[in-house]
Amino acid sequence: MRVILAGTGSAVGKTTIATGIMKALSEKFNVQPFKVGPDYIDPSYHTLATGNTSRNLDSFFMKEGQVRDSFLKGMEGKDIAVIEGVRGLYEGIDSINDIGSTASVAKSLKAPVILIINSRSLVKSAAALVLGFKSLDPEINIAGVILNKVKNKAHYEKTKRSIEEITKTEVIGGIIRDDSISIEQRHLGLVPARERETSIKFIDIWSKTIKESIDLDRLVEIAKSAPKITSERIPIWNKLNKQPVKIAVAYDEVFNFYYKENIEALEANNAKIQYFSPLSDENLPDADGIYIGGGYPELFSKELSENTQMLKDIKQFHEESRPIFAECGGLMYLMNSIHDDKVVDIYPYKAVLTNRVQALKYTIAEVQQDNIISKKGEVFHGHEFHYSKVIVDELKNPLAFKITRGKGSYNNMDGFIEKNTLASYVHTHVAAMPNFAGNLTISANELGD
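Residues numbered from 1 in each chain as written. Predicted model: local features only at pLDDT ≥ 70, side-chain atom pairs only at ≥ 80, totals over all residues. Heavy atoms only, no water.

Draft legend 1. View of the sheet that holds strand β21 (residues 388-391). Pairing is mixed across the open sheet formed by four strands, whose spatial order is β17-β16-β18-β21. Of all strands in the sheet, those with a lone pairing partner are β17 (341-342) and β21, marking the two edges. In terms of strand pairing, strand β18 (residues 350-353) meets β21 through four bridges, oriented antiparallel. The residue of β21 that forms the bridge with Val352 is Lys389. (Pairing = 2+ DSSP bridges. Helix = DSSP H or I, 4+ residues; strand = E, 2+ residues; numbered from the N terminus.)

Laid out in structure tokens, this is it:
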């Protein structure tokens, strides 16, 4: 069973509705949440609502067969998939093709779509929206509609009648507008759920609203209508390493932006994952390699700088030429300082938070030199989204990646290399770099002793 919750555009309430539906359905089903696109924030709410780690599906990172492989891996032992779309149903990296869009995922999975409309001040025009979305691509099965931000019951009934009679598309619910249940925003989007104990309160409110407003039985019937997936699967990672290794993964309030599949790929390559907190743990665990993902180190720079023993341990790990891979927030942590707070100091540059977004884009990178996760000549896809930048007065070493789409860290380059430490603003998904985990674990095996 699977269903996609897609919007007519951004800011139609997809995340609150999707999370509320996931929470409500979890009372009866083992729900597997998914998010279309390169997002870490929305999945944190999905995970909290269902108790199952939300996974990303993205046709820029993944071939069609990889989308199916990732989906079916995630569905093992689960009852129903609820997939939250990204932006508008058809929005991708191009104005013509489907790459990076919710529509592309719907077609790869043959999943029925529930279209979410911000129906404020709309009645018959809502029917026009549905007609347009249905006619643009007949391969997409728009099986139902949810109306968000309706004024009252009378407004809902009028709009429902218009859509159903004109478009022959079922409206399965409507939600009365209530701005009091919206959650605060942060510079990278919604505040991450695991940072906020009050998040469960919001999720409970969203779930209660959904149960009062949406025909969940009908939604489940629509999910049941999805045909069995029989098309080709392409593995999203390669198994290269046969020797057991230990990988220390930074995971706490500061660093928590990881794709679940990246961790699973490491485990599939014989890595034992040892989570640690750069914020609160005094010492680095015994490990052969380190992986530091993204997050919000700029908000915790003072606290990170005060954990001096951890800074020393990571710096010593680096000085011994053992492998460290860091992405975005992890890159900042390995710099000389964040603002004026001293951090690990592997790289002699300062990281600072700016008032405007520095990069928000899918990226394509060409590998310029062999490193701990990739080989010279490889090309991989990723994404970048950050408000920080690294101030480089004089570049010490050549960078590993040439950025052919996107911005990078410095002069359309990225991937700071120092000994066997690699740090980049580009977020990597293993589907876009199937040898990522194999290369990192091999590096840890060869260099980590």
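Draft legend 2. Just the side chain of His383, in detail. Among the structural elements, His383 can be located in strand β20 (residues 379-386). Using a relative accessible area of 4% as the deciding quantity, one classes His383 as buried. Within the local environment of His383, its side chain forms a polar contact with the side chain of Tyr259, the two groups lying 2.7 Å apart. Once residues lying within four places of it in the same chain are set aside, the contact partners of His383 are Pro38, Tyr40, Phe61, Tyr259, Lys361, Tyr362, Thr363, Tyr425, Val426 and His427. (Buried < 20%, exposed > 50% of the residue type's maximum accessible area, 1.4 Å probe, protein only. Polar contact = N/O pair within 3.5 Å; in protein donor to acceptor, adjacent residues only side chain to side chain. Contact = heavy atoms within 4.5 Å.)

Draft legend 3. Highlighting the packing of aromatic side chains. Tallying each qualifying case throughout the model produces 21 aromatic pairs. For the ring pair Tyr251 and Tyr258, a centre distance of 6.1 Å and an interplane angle of 35° mean the geometry is tilted. For Tyr251, a relative accessible area of 35% puts it in the partly exposed group. The structure contains a cluster of three or more aromatic residues connected by ring pairs, namely Tyr40, Phe60, Phe61, Phe257, Tyr259, Tyr296 and Tyr362. Here the basic side chain of Lys73 rests over the ring of Trp237, its NZ or CZ set 5.0 Å away from the ring centre. The ring of Phe202 is capped by Lys201, whose NZ or CZ atom sits 4.9 Å from the centre of that ring. (Phe/Tyr/Trp six-rings, centres within 6.5 Å; stacked < 30°, edge-to-face > 60°. Lys NZ or Arg CZ within 6 Å of the ring centre and 35° of its normal.)

Draft legend 4. Just empty space enclosed by the protein, in detail. Summed over the entire model, instances satisfying the criterion amount to two cavities of 30 Å³ or more. Taken as a whole, the second largest cavity encloses approximately 50 Å³ of empty space. Looking at the lining of the second largest cavity residue by residue, the classes come out as seven nonpolar, one polar and two charged. (1 Å grid on protein atoms, 1.4 Å probe; cavity = no way out; pocket = protein on both sides within 12 Å on 5 of 7 lines; lining within 4 Å. Points joined across faces, edges and corners; volume = space filled by probe spheres on them. Nonpolar A, V, L, I, M, F, W, Y, C, P; charged D, E, K, R; others polar.)

Purely geometric stuff here, so don't read any function into it on its own.
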